[in-house]
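Structure assessment
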Amino acid sequence: MKTIPVALLCCVFSYALAQTTQELIDNGKNSENVTTFGMGYHLNQYSPLSQINKSNVKRLVPIWSTSLSNDTGELAQPTIYNGVMYVVNGNWTFALDVATGQQIWRTPVEYERAAARVGNPGVIVRGPATIYNGKLFRESIDCHVIALDMKTGKQIWREKFADFKEGYTGIIAPLVANGVVITGMAGGDRTTRGFLDGWDPDTGRKLWRRYTVPAPGEPGSETWPKEMPDAWKYGGGSTWQNGSYDPELDLVYWGTGNAEPYNPAYRGGADSLYTASVLAIRPKTGQLVWHYQYTPNESYDFDGSAEPVLADLRIDGRVRKVLLNANKNGFMYVIDRTNGKLIAAHPFVKVNWASHVDLKTGRPVLTDIYERAVKGETVEIWPSRGTNASLMAFNPKTGLVYVNSWEIPRIMKYTKFEFVLGQGSTGVETSFRTPPSGEPWGYHMAFNPLTGKAEWKVPVTGTVISAGMLATDGGLLFTGRLNGDFIALDQATGQTLWQFKTGSGINSPPITYTRQGRQYVTVLSGIGGVLNRTMKAADAIPTGGSVWTFALMPD
């Protein structure tokens, strides 16, 4: 086999170093680069590319595929800059030639192996390979933030942000906003207290920390019980999914996870700020500008951490800057992102824990489910989750969001909780009831966030859906299924127009881009994540991570 000298490869790709703040902001203007997660700071998973469209998508074929040497799951999204594709997973960081998939460099993630046993999702990464000014930033499962040289893959700095023995893990890709590297943490079902950190990208010096659960005397601390003095210290609110950024407002938006324990008796049944919320913060300082709490006194594992998608919508005759969120609690939210005021909230799946969300107070109106649960009953809660940590797409031309939803209930009973530092802290017995044969496990869906109307719904049977959506101006939606199918749907109807079987399940959001005038679509394949393993998927689907890149077969 002919080998290519590393020095030559480094020379060929040396121009990939001058990646700037403006290029992050301008993501999409140069269709050959995909520099940020979600196809832009707005996370809308939309592309104006239309070379691949409804009339020719049947000619879509794989151009190259390469192994990612990983069995723990591929949940990330590739990043592309000046002919190089950067890919991260729990065990490796890769630089690949975007034209051929040829490896340029591969760097192992060094971590304490005991950290792999902390937390259900395992050794994974959610988000992208985060790049900025010649460096690639990522987290490791044992709670370190790492900066690598984009040219060589060599480590530049490595900083610890928490102790995995206390229940914390690092599975979230950083966000670079206004020159600051911002990182989150995971640990929402364990004895943790959520936070975001801001880092200097050049030195790794920590600039600030913003906790998501306030200490006594801080704003919001009145929503934690004084008679339970340690509740706030381990109150949850993890930041385990990715944030978005509005450069004009200079605000970063980040969702927070469930309260801990789920059992509200151990939190006094109080609102438990700022869990199950979205926070708007200043990237330079971590200052909290506003918040909105989706689920006060969150008691059902309804994280508010799903990615906040930014959009400009015409409402009552004027265009407003909004934030869209397909919440785990089953409601689709429209929030004014300048001030955090609720505009609309509609159920997009079956919901039985609340009748509706009061637009005046912003609070959900509860049904009898909560009172029955706190009395000791075993209750069936719809939904178990509206979606499962999968990016939705928003098309600014149609005004619709495109979602992979779940239609599965949670069976739950509150139980006694014994505190053990670093261990599980849910305070519930729980299980999931899967649908009978032939009934939907969820839907591919087009949904109007302002009216609450589903424009179309396509049932998915036999398995749940955990892949992200990608909308294009070719009238297509690209997404995947846990059986390994990568598919293209008609954006107008949801009809499947094309599909291809990859080697493992798809949990990740696809991207599209061009190279030398030709449009490509890339997705990662590799089953991973705890719910994908438990929802009757792992026994039938092999593990093994890989990258797949597609383009149109010539006429």
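Our structure's up above, just so we're on the same page.
Small disclaimer: the values here were computed from a predicted structure and weren't measured.

1. Points about the environment of Leu552
Positionally, Leu552 belongs in strand β40 (residues 546-552). Under the relative-accessibility criterion, Leu552 is labelled buried at 10%. The spatial distance from the C-alpha of Leu552 to the C-alpha of Ile172 is 33 Å, given a sequence separation of 380 residues. In this structure Leu552 touches Gln51, Ile52, Asn56, Arg59, Leu60 and Arg518, once residues within four positions along its chain are discounted.

2. Focus: the pairing of strand β11 (residues 144-149)
Within β11, 5 of the 6 residues are buried, leaving the element largely enclosed by the surrounding structure. Strand direction decides the pairing type here: strand β10 (residues 135-140) and β11, joined by 6 bridges, are antiparallel. The partner of Leu136 across the bridge, within β11, is Leu148. Between β10 and the antiparallel strand that follows it, β11, lie 3 residues; Cys143 among them carries a positive phi value of about 70 degrees.

3. Observations concerning the nonpolar core
Met85, Tyr86 and Phe478 are the most contacted members of the largest nonpolar core, which has 48 residues in total. Ranked by size, the runner-up nonpolar core spans 42 residues in total, among them Tyr111, Trp157, Val176 and Tyr245.

4. Overview of the pairing of strand β15 (residues 195-199)
Counted residue by residue, β15 has 5 buried out of 5 residues, so it is predominantly covered. In β15, alternate side chains face the same way, and those of Phe195, Asp197 and Trp199 on one face and Leu196 and Gly198 on the other are all buried. With 3 bridges connecting them, strand β14 (residues 180-183) and β15 associate as antiparallel partners. Within β15, the residue paired with Ile182 across the bridge is Gly198. Note that β15 and strand β16 (residues 206-211) share 5 bridges and pair antiparallel. Pairing of Asp197 across the sheet is with Arg209, part of β16.

5. Quick look at the sheet that holds strand β30 (residues 410-414)
With respect to topology, 3 strands assemble into an open sheet ordered β27-β30-β31, the strand pairing being antiparallel. Since the sheet does not close on itself, it has two edges, and those belong to β27 (379-381) and β31 (428-432), each with one partner. Here the strands of the sheet are splayed against their neighbours by 30 degrees on average, with no regard to which way each runs. The sheet contact formed by β30 and β31 spans 5 bridges and is antiparallel. Among the inter-strand pairings, Ile411 is bridged to a residue of β31, identified as Ser431.

Calculation criteria
- Residues numbered from 1 in each chain as written.
- Predicted model: local features only at pLDDT ≥ 70, side-chain atom pairs only at ≥ 80, totals over all residues.
- Heavy atoms only, no water.
- Helix = DSSP H or I, 4+ residues; strand = E, 2+ residues; numbered from the N terminus.
- Buried < 20%, exposed > 50% of the residue type's maximum accessible area, 1.4 Å probe, protein only.
- Contact = heavy atoms within 4.5 Å.
- Pairing = 2+ DSSP bridges.
- Core = buried A, V, L, I, M, F, W, Y, C linked by side-chain atoms within 4.5 Å.
- Axes fitted to C-alpha atoms, helices over the stretch in contact; angles between N-to-C directions.

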